[in-house]
Amino acid sequence: MDKIRYFGDRISQLIGALDFQKEPPELYDPIAYTMNQGGKRLRPLLTLLACDLFGGNIEKALYPALSIEVFHNFTLVHDDIMDKAPLRRGKETVFKKWNPDIAILAGDTMFALAYTYALKTDAEIVPEILTVFSKAAIEVCEGQQYDMNFEQLQSVSIEDYINMIRLKTAVLLGASLEIGAICARANTEDVRNLYNFGIELGIAFQLKDDLLDVYGDTETFGKFKGGDIAANKKTYLFLKALEKAGPEQRDQLQYWFSQPSDRDVELKINSVKSIFDSIGVQAITEEIMTGYFERSLGFLSRVEAKTEQKKDLVEFATRLFNRTH
Ligand code: IPE
Ligand code: IPE
Ligand code: MG
Ligand code: MG
Ligand code: MG
């Protein structure tokens, strides 16, 4: 049977069996709402694929994988408050459907739940798993803070932007793979290469997310299109546009990106997007994204395992790279 599909089904079953019919419902309903929405569930899949790559028993990696998915969902619930995002996975965000206080508390509970699931594997590997998990969790917060800091800055260097997305997004993909490899007791060198595969893939993944935010289809992508422009996010698209803009376009970009997120949103998004289009930032972003994707495969090729065994990871990474949602 197709391993990617089988592992995906196991994760879905595990999530589907979680019981959130608890008191008080004001706390648990938003958690159930978030966890049952689906999403791609790519991080737990990476954990299982990594465990399997080294011949590990995926049963031992299931709860650690679940733990990462719950943590990821927690970050989304809080991220939507920070980004003032109305829509996620085609549905109203938690803080919009309920309110920010409820979203904060649901998120806090999910963070603690993530730890309880991470404990459910062989005791001897738990300390190592928690070390990797906690390091990634802290780095995600560092990345999120940079992301917000950058909203207030006129410009940001490309290097600082890449570091920000490495922290807010890529480290969790790296950690998902690392934890799977730990469950299989892989050797240090392989774990390092697999982690770096995740980092480079994660950077490509966030570049794609930034692209889809402007050029994706709202129906498929499930988020409010142009949200990053509205929120003055210093994405690679914006930074490249600013770098390549003539004086007039530069003034316009700077004007729009000094406006609050709720001012003339539609006009702002359309005006900025037309500058992006005339400069051709989509193609430029796709090119650097491809570079990160190829580098990720380079790290994977250094992992000591037969090419045949790596094919599922290569296939899955390629799907992420080509995704439309
Ligand atoms: C969204 O992650 C946040 C980013 C890091 C870009 P995903 O694109 O994995 O979200 P879901 O879980 O599939 O909805
Ligand atoms: C999200 O980045 C990263 C984390 C949630 C940690 P984004 O803010 O771009 O993610 P989306 O687009 O809202 O999913
Ligand atoms: Mg964000
Ligand atoms: Mg966001
Ligand atoms: Mg985004």
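Residues numbered from 1 in each chain as written. Chains lettered and ligands numbered in written order. Predicted model: local features only at pLDDT ≥ 70, side-chain atom pairs only at ≥ 80, totals over all residues. Heavy atoms only, no water.

Caption draft 1: Empty space enclosed by the protein, seen in detail. Applying the stated criterion across every chain, the model contains four cavities of 30 Å³ or more. Approximately 60 Å³ is the volume found for the largest cavity. What lines the largest cavity is Tyr33, Thr34, Gln37, Leu76, Val77, Asp80, Arg88, Glu92, Thr93 and Val94. When contributions to the lining of the largest cavity are tallied by element, the ones reaching two or more residues are helix 2 (25-35) and helix 4 (62-82). Counting residues per element, the lining of the largest cavity draws most heavily on helix 4, at three residues. (1 Å grid on protein atoms, 1.4 Å probe; cavity = no way out; pocket = protein on both sides within 12 Å on 5 of 7 lines; lining within 4 Å. Points joined across faces, edges and corners; volume = space filled by probe spheres on them. Helix = DSSP H or I, 4+ residues; strand = E, 2+ residues; numbered from the N terminus.)

Caption draft 2: Just the coordination of the magnesium ion (ligand 3), in detail. Of the protein atoms, only Asp79 (OD) and Asp83 (OD) coordinate the magnesium ion (ligand 3), at distances of 2.1 to 2.2 Å. In this model, the magnesium ion (ligand 3) sits 3.1 Å from the magnesium ion (ligand 4), the two metals being bridged by Asp79. (Donors = N, O, S within 2.8 Å, 3.2 Å for Na, K, Ca; no water.)

Caption draft 3: Representation of the site of ligand 1 in the model. Lining the immediate surroundings of ligand 1 are Gly39, Lys40, Leu42, Arg43, His72, Leu76, Arg89, Thr169, Phe205, Gln206 and Asp209. Surface burial for ligand 1 is 90%, taken as the share of its 390 Å² of free accessible area covered by protein chains. The leading source of residues in the shell around ligand 1 is helix 9 (residues 188-215), at three residues. For the shell around ligand 1, the residue count by class is three nonpolar, four polar and four charged. (Near = heavy atom within 4 Å. Areas by Shrake-Rupley, 256 points an atom, 1.4 Å probe, with all protein chains shown as cover. Nonpolar A, V, L, I, M, F, W, Y, C, P; charged D, E, K, R; others polar.)

Caption draft 4: Here's a closer look at the packing of aromatic side chains. All told, the structure shown has 14 aromatic pairs when counted by the stated rule. Here a set of aromatic residues connected by ring pairs shows up, and it is made of Phe71, Phe74, Phe111, Tyr115 and Phe133. Taking NZ or CZ as reference, Lys234 lies 5.8 Å from the ring centre of Phe238, over its face. A cation sits over an aromatic face here: Lys268 above Phe257, 5.7 Å from the ring centre. (Phe/Tyr/Trp six-rings, centres within 6.5 Å; stacked < 30°, edge-to-face > 60°. Lys NZ or Arg CZ within 6 Å of the ring centre and 35° of its normal.)

Caption draft 5: Representation of the site of ligand 2 in the model. Taken together, Thr75, Leu76, Asp79, Asp83, Arg88, Val140, Gln144, Lys168, Thr169, Gln206, Asp209 and Lys223 make up the full set of residues near ligand 2. Take Asp83: an N or O atom from its side chain is 2.8 Å from an oxygen atom of ligand 2. Side-chain polar atom of Asp209 to an oxygen atom of ligand 2: 3.1 Å apart, as the coordinates give it. Expressed as a share of its isolated accessible area of 390 Å², the protein-covered part of ligand 2 is 90%. Residue assignment for the shell around ligand 2 shows that the elements contributing at least two residues are helix 4, helix 7 (126-151), helix 8 (158-183) and helix 9. (Polar contact = N/O pair within 3.5 Å; in protein donor to acceptor, adjacent residues only side chain to side chain.)

Note that every value here comes from positions in space, so none of it alone points to a role or purpose.
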